[in-house]
Amino acid sequence: MAGKRTFTMIKPDAVENGHIGAILEKITASGFKIVAMKLTQLSKRDAEEFYAVHNERPFFGELVEFMTRGPIVAAILEKENAVSDFRTLIGATNPAEAAEGTIRNLYATSIGENAVHGSDSDENAAIEGAFHFAGREIF
Ligand code: ADP
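Here is a short report on the structure shown in this document. (Residues numbered from 1 in each chain as written. Predicted model: local features only at pLDDT ≥ 70, side-chain atom pairs only at ≥ 80, totals over all residues. Heavy atoms only, no water.)

1. A word on the overall build of the chain
Step number 1: Of regular secondary structure, the chain possesses 7 helices and 4 strands.
Step number 2: In the chain, the succession of helices and strands from N to C terminus is β-α-α-β-α-α-β-α-α-β-α.
Step number 3: Against the compact-globule benchmark of 14 Å for 139 residues, the chain has a radius of gyration of 14 Å, which places it among compact chains.
Step number 4: The principal-axis extents of the C-alpha atoms in the chain amount to approximately 35 × 35 × 30 Å.
Step number 5: Expressed as a percentage of the 139 residues in the chain, the buried residues total 42%.
Step number 6: Restricting the contact set of the chain to residue pairs at least 6 apart, pairs at least 24 apart contribute 77%.
Step number 7: Both charge centroids of the chain, one from 14 positive and one from 20 negative side chains, sit 4 Å from each other. (Helix = DSSP H or I, 4+ residues; strand = E, 2+ residues; numbered from the N terminus. Rg over C-alpha atoms; globule rule 2.2 N^0.38 Å. Buried < 20%, exposed > 50% of the residue type's maximum accessible area, 1.4 Å probe, protein only. Contact = heavy atoms within 4.5 Å. Lys, Arg positive; Asp, Glu negative; His and termini not counted. Charge placed at Lys NZ, Arg CZ, Asp CG, Glu CD.)

2. Some words on the sheet that holds strand 3 (residues 72–78)
Step number 1: Strand order in the open sheet made by the 4 strands is 2-3-1-4, with antiparallel pairing throughout. Single-partner strands in this sheet number two, and they are strand 2 (33–40) and strand 4 (116–118). Strand-to-strand twist in this sheet, taken as the mean axis angle between neighbours without regard to direction, amounts to 15°.
Step number 2: Bridge count for strand 1 (residues 5–10) against strand 4 is 3 bridges, and the pairing is antiparallel. Note that in strand 4 the partner of M9 across the bridge is H117.
Step number 3: The strands touched by helix 7 (residues 122–132) are strand 1, strand 2, strand 3 and strand 4; relative to strand 1, the strand with the most contacts, the crossing angle is about 55°. (Pairing = 2+ DSSP bridges. Axes fitted to C-alpha atoms, helices over the stretch in contact; angles between N-to-C directions.)

3. Quick word on the packing of aromatic side chains
Step number 1: This structure, assessed with the given rule, holds 4 aromatic pairs.
Step number 2: An angle of 75° between the planes, with centres 5.0 Å apart, marks the rings of F50 and Y51 as edge-to-face. With respect to class, F50 is no different from Y51; both count as buried.
Step number 3: Considering the side-chain rings of F50 and F131, the 5.8 Å spacing of their centres and the 65° angle between planes classify their relative orientation as edge-to-face. Note that F50 is positioned in helix 3 (residues 44–50) and F131 in helix 7, a separation of 81 residues in sequence.
Step number 4: One aromatic cluster in this structure is built from F7, F50, Y51 and F131.
Step number 5: Seen from the ring of F32, K79 lies directly overhead, with NZ or CZ sitting 5.5 Å from the centre. (Phe/Tyr/Trp six-rings, centres within 6.5 Å; stacked < 30°, edge-to-face > 60°. Lys NZ or Arg CZ within 6 Å of the ring centre and 35° of its normal.)

It is worth stressing that arrangement in space is one thing and function is another; only the former is reported here.
See the structure below:
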């Protein structure tokens, strides 16, 4: 059975460019309920741990640099089929390939600075949510 929760971050580029409100509006208008949310900033160590799966990739250093350069919005979202529906809503990793009207199509600037994160599995959604939030911050 598909899970009901996913984890997202509005990344530093979208926060810098003033898109927090528009992105949250699109998320809630698409039927996702916000069950945890905060404005926070990742340390280098946080970003290295969060993206550990990519640590052999050539863009890893650039990714850590980018994700730590300013505040992010972290949130846990609830909806039926949350992980897959949210991946559809955000669009492809590369905004040049993201479908019309998706969040990355509208707000991302490059494959690296692509405005939002969305978990890629129910298992990672749970791990990523627990990485950012204490139990009492999740509703
Ligand atoms: P997604 O975020 O769509 O699940 P990945 O898990 O493949 O994509 O990559 C994680 C993040 O790493 C991307 O969202 C993006 O910020 C960054 N990234 C991925 N590929 C590249 C690349 N070729 N160059 C720079 N940054 C990249």
